[in-house]
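Spelled out, the chains give:
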Amino acid sequence: MTWGLPAAADPGTVLPCVVLVDQAGSAEFTGLQRGLSALGVPSLRIDAQALAGLALTLEEDGSLRIDGRRIVPAVTWARHLPPGAAPGHAYPAPSPVMAGPWHALIGRLPELSRVRLPGAGDPGRLVRLRDAARAGVRTPRTIVTTDAATAAGTLGGPRAVVKPLDRHTTGTTPSLVPCPVPGANAMPGTGPVRGVPVIVQEYVEHRAELRVHHVDGVLRAFRVTRPSPTASRHHPAVTVAQVAVPEAVARAVRELAGRWELRYAAFDFLLTARGPVFLEADGDGDWHWYETRAGVEDVSRAVLAMVRDLHARAARRNSAPAPGTTAEMPAGRTAGRASMGRVAGRTLVEPVAEDTGPAGGAGLDARVLGPLDLNMAGTPLPVTARKARLLIAVLLTLPNEVVPTDQLIATLWQDAPPPTARKNLQVYISTMRRHLGDRISFHGRGYRMAVEPEELDLLRFRRLAGAGRDLRGRREAGAALEALEGALRLWRGGPLAEFAGVPMLDEAIGRFTEAYLAAGEDWAELAIEQGRPAEALARLDEVVRLSPDRERLVAARMRALAGCGRTSEALSQYESVRRDLAARLGLPPSPALTRLYEEILGGEKQGAA
């Protein structure tokens, strides 16, 4: 057990604390607790396998007394809790009976907190595969069986992948590897798997693996290339590079993280000629190995910022949670999911007042990458009421998707809906349909806005940005720059600013801003590669204001400044970021940015010589 408390903390004060529960050796939580301490955020780290001698009392008010100090678990994050593992104990031979209560308590700690991480419970591998397929992502052919060898043979191909049916029990175990079909081993040298239910999947040929970390809406991705399919992550020829998240993958990750109510998760995909293939998502997924191999710390910083902000919000609420209190979940998600359960049994056909508006047809021009702008056949639509505008904005940020009725109500009335909210929503929908026709339709549990790709700037942006990345990958630099430039021109600044503070739209605005920054980075890097640093610098001066310490942006601007002969400004940019990171997070710049700084500094010294 390790405390991370402010030096001046009064032992008699009940502290709202971040509680981290894992097994010894986790580099992720070691770095996180160090960062929290630097920021003055109180924390407690518990080793789930070394509980011997721990004095713990759960008070009636939901606070915990641990080793004489009383805390309120404001944020709790439990990782890698192995089912059935026996904690250390003073008795000679700890039995499952004695180990069970400890792990029952440790496993329930998140339920006592204002905020639980990584999020809701683990739905299991099979549910995640099913949901990914429903989200339109390709998944491997999968069989659950007690006879892995026979099942693998039915999938065809010389190899198959065998996985346990439940979650990984440790974060340091390498991913399960493909094996020859005869015998179908789960791991090399383990022998045939028989008599135990396992997952058997087809082996999918791929160019590389893609690990995407979802951190409360922020996405960071790493491309992993192995010399052979069976090479472990420790093989010296394995390469890891941080990359932009493909738009199709970003959409799937955010949709699935929202569906599973996960603030943090690591998503694994295969990159194939036919597009990405979803493998799994793991709320316990590690990030330290990927960062170390890629020479960056972006995920660690995003995680630290997330936990710091969650603690601050939970601490402001201040009252100790009662046992069993429902944990806070991402804004805009809990309300929708909880209220969907409450409407079970209601008719699936929700009446909407009859209208005689035009059927959906040509001429719609909707824009959300700036102020909300709606035009039909070149004429602005007369939508001025705030709730009507908010409703259409929500539907347009999720084009062609069904938004649950209760989620719309929670968004429009900010958790204080009047008794007539459902009827009022129907009136707003009816009004919108007079302008937009049957583009807005009811689908069992909510409403859907049907939009063609050329009718919404968001969809045009996604198409152009995706095309630009694909063209860049094929080394068609001119066409890639043109496509990315087209995407960036659609950004009109401050998306949907009139709705700032509405959680569901704040989340959407975050997604749009992330996509814009990534496209700007792609364009700038390519422009610099093509010998156009001055043009890149002009664009970067606009983009970097949105995220001054985003390291990929900073690196591109430093390269552009150096390319324009302004090396002293490039070096000053690094120093500014270094000071800011030290002040806000107590962390240095990443090794990759530091190497760029040293490279530019070395060039300046050579020039002076």
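Residues numbered from 1 in each chain as written. Predicted model: local features only at pLDDT ≥ 70, side-chain atom pairs only at ≥ 80, totals over all residues. Heavy atoms only, no water.

Let's talk about the overall build of the chain
Convention followed: Helix and strand assignments follow DSSP, with helices taken as H or I runs no shorter than four residues and strands as E runs no shorter than two, numbered in order from the N terminus. In this scheme, a residue with accessible area under 20% of its type's maximum is buried, one over 50% is exposed, and one in between is partly exposed, where area comes from a 1.4 Å probe on protein chains only. Throughout, the Shrake-Rupley method with a 1.4 Å probe supplies accessible areas, and for residues the shown protein chains are the sole cover considered.
Scanning the chain from terminus to terminus reveals 18 helices and 22 strands. By residue count, 49% of the 609 residues in the chain fall in the buried class. Total accessible area computed for the chain in this model is approximately 26500 Å², and 54% of it derives from carbon and sulfur atoms.

Thoughts on the packing of helix α14 (residues 503-529) against helix α16 (residues 551-563)
For any two helices packed against each other, the geometry comes down to the angle between their axes and how far apart the axes lie. This is how it is decided: Fitted lines through C-alpha atoms serve as axes, helices being fitted only where they are in contact, and the angles separating the N-to-C directions of these axes extend from 0 to 180 degrees. Note on terminology: angles under 35 degrees are roughly parallel, angles over 145 are roughly antiparallel, angles of 65 to 115 are roughly perpendicular, and the others are oblique. The crossing is said to be left-handed when, going from far helix to near helix, the turn is anticlockwise and less than a right angle, and right-handed when the turn is clockwise. Only heavy atoms matter for contacts: two residues are in contact if any of them lie within 4.5 Å across the pair. In this classification, Asp, Glu, Lys and Arg are treated as charged, Ala, Val, Leu, Ile, Met, Phe, Trp, Tyr, Cys and Pro as nonpolar, and every other residue, Gly included, as polar.
Orientation of α14 relative to α16, taken along the N-to-C sense of each, is 25°, at an axis distance of 10 Å. The angle between the axes of α14 and α16 places the two elements in the roughly parallel class. The way α14 lies across α16 gives a crossing that is left-handed. Where α14 approaches α16, its residues L517, A518, E521, D522, A524, E525 and I528 are matched on the opposing element by R552, L553, A556, R559 and A560. Split by residue class, the contact of α14 with α16 holds 7 nonpolar, no polar and 5 charged.

Some points on the pairing of strand β18 (residues 373-376)
Spelled out, the test is: Should DSSP find at least two bridges between two strands, the strands are taken to pair.
Direction of pairing for strand β17 (residues 364-367) relative to β18: antiparallel, over a ladder of 4 bridges. Note that in β18 the partner of L364 across the bridge is M376. Between the antiparallel neighbours β17 and β18 lie 5 residues, among them G370 with a positive phi of about 160°. Between β18 and the antiparallel strand that follows it, strand β19 (residues 379-380), lie 2 residues; A377 among them carries a positive phi value of about 55°.

Considerations on the sheet that holds strand β21 (residues 440-442)
With respect to topology, 3 strands assemble into an open sheet ordered β20-β22-β21, the strand pairing being antiparallel. On the outer flanks of this sheet lie β20 (402-404) and β21, each paired with one strand and no other. In this sheet, adjacent strand axes meet at a mean angle of 30° when their direction is disregarded. Where β20 lies against strand β22 (residues 446-449), 3 bridges are found, and the strand directions are antiparallel. Each bridged residue has a counterpart across the sheet, and for P404 the counterpart in β22 is G446.

Quick look at the nonpolar core
Going by this rule: The nonpolar core is taken to be a set of buried Ala, Val, Leu, Ile, Met, Phe, Trp, Tyr and Cys residues, with the residues joined through side-chain atoms within 4.5 Å.
W77 and L396 are the most contacted members of the largest nonpolar core, which has 118 residues in total. It is α14 that contributes the most residues to this core, 14 residues altogether. L262, A265, L271 and A281 belong to the second largest nonpolar core, which has 23 residues in total.

Some details on the side chain of R128
One can find R128 in helix α3 (residues 125-134). Relative accessible area serves as the criterion here: at 6%, R128 is assigned to the buried category. Ignoring anything within four residues of it in the chain, the contact list for R128 reads D122, P123, W260, L262, F278, A281, D282 and G283.

Description of helix α1 (residues 27-38)
An α-helix turns once every 3.6 residues. As a result, residues three or four positions apart point the same way. In plain terms, the rule: To estimate the expected span of a helix, subtract one from its residue number and multiply by 1.5 Å. It is the directions from the helix axis to the C-beta atoms that the arc portrays.
End to end, α1 covers 17 Å across 12 residues, agreeing with the expected 16 Å (1.5 Å per residue, within 8%). Inspection of α1 places E28, F29, L32, Q33, G35 and L36 among the buried residues, and these make up the whole buried set. Seen end-on, α1 carries its buried residues on one side only, within an arc spanning 160°. Away from the buried face of α1 by more than 90 degrees, exposed residues R34 and A38 are located. One or two steps after α1, the chain reaches G40, where phi turns positive at roughly 80°.

A word on helix α17 (residues 567-585)
In a regular helix each residue adds 1.5 Å, so 19 residues correspond to 27 Å; α17 covers 27 Å between its end C-alpha atoms and thus fits that length. Looking only at α17, the buried set comprises A570, L571, Q573, Y574, V577, L581 and L585. Down the axis, α17 shows its buried residues gathered within 150° of arc, on one side only. Looking one or two residues past α17, G586 carries a phi angle of roughly 70°, positive in sign.

Quick notes on the packing of aromatic side chains
Formally: Side-chain rings of Phe, Tyr and Trp, where Trp is taken by its six-membered ring, are said to pair if the distance between their centres is within 6.5 Å; with planes under 30 degrees apart they count as stacked, over 60 as edge-to-face, and otherwise as tilted. The rule is short: NZ of Lys or CZ of Arg within 6 Å of the ring centre and within 35 degrees of the ring normal puts a charge over the ring.
Tallied over the entire structure, the rule returns 12 aromatic pairs. Relative to Y264, the ring of W77 has its centre 5.5 Å away and its plane inclined at 55°; by these criteria the two rings are tilted. Here Y264 lies in strand β15 (residues 264-272) and W77 lies in strand β6 (residues 69-78), a separation of 187 residues in the sequence. Taking the relative accessible area as the measure of exposure, Y264 reaches 0% and is therefore buried. An angle of 65° between the planes, with centres 5.1 Å apart, marks the rings of F442 and Y447 as edge-to-face. The lysine or arginine in question, R128, covers the ring of W260, its NZ or CZ lying 5.1 Å from the ring centre. When the ring centre of W523 is taken as reference, the NZ or CZ atom of R539 above it lies at 5.4 Å.

Quick notes on unusual backbone geometry
The bulk of non-glycine residues show a negative phi, and the bulk of peptide bonds are trans. In this structure, P118 follows L117 across a cis peptide bond, with omega equal to 5°. If you check the backbone angles, R475 has positive phi at about 65° while not being a glycine. Positionally, R475 belongs in the loop between α12 (457-473) and α13 (477-489). Positive phi outside glycine occurs at L496, with the angle close to 50°. Counting through the fold element by element, L496 comes out in the loop between α13 and α14.

Observations concerning the sheet that holds β19
What the 3 strands build is an open sheet, ordered β17-β18-β19; its pairing is antiparallel. Because the sheet does not close on itself, it has two edges, and the strands there are β17 and β19.

Regarding the pattern of salt bridges
Quick reminder of the rule: Whenever a carboxyl oxygen of Asp or Glu lies within 4 Å of a side-chain nitrogen of Lys or Arg, that contact is scored as a salt bridge.
For the coordinates displayed, the defined rule picks out 42 salt bridges. With a closest N to O distance of 2.5 Å, D522 and R469 form a salt bridge. With D522 in helix α14 and R469 in helix α12, this pair connects stretches of sequence that are 53 residues apart. Each of the two residues, D522 as well as R469, counts as buried. A salt bridge links E521 to R550, with the nearest nitrogen and oxygen atoms 2.5 Å apart. With E521 in helix α14 and R550 in the loop between α15 (533-543) and α16, this residue pair connects regions lying 29 residues apart in the sequence. Per residue, the accessibility class of E521 equals that of R550, and both read buried. Among the charged side chains, a network of salt bridges with common partners joins R220, D298, R469, R472, E514, E521, D522, E525, E529, R550 and R552.

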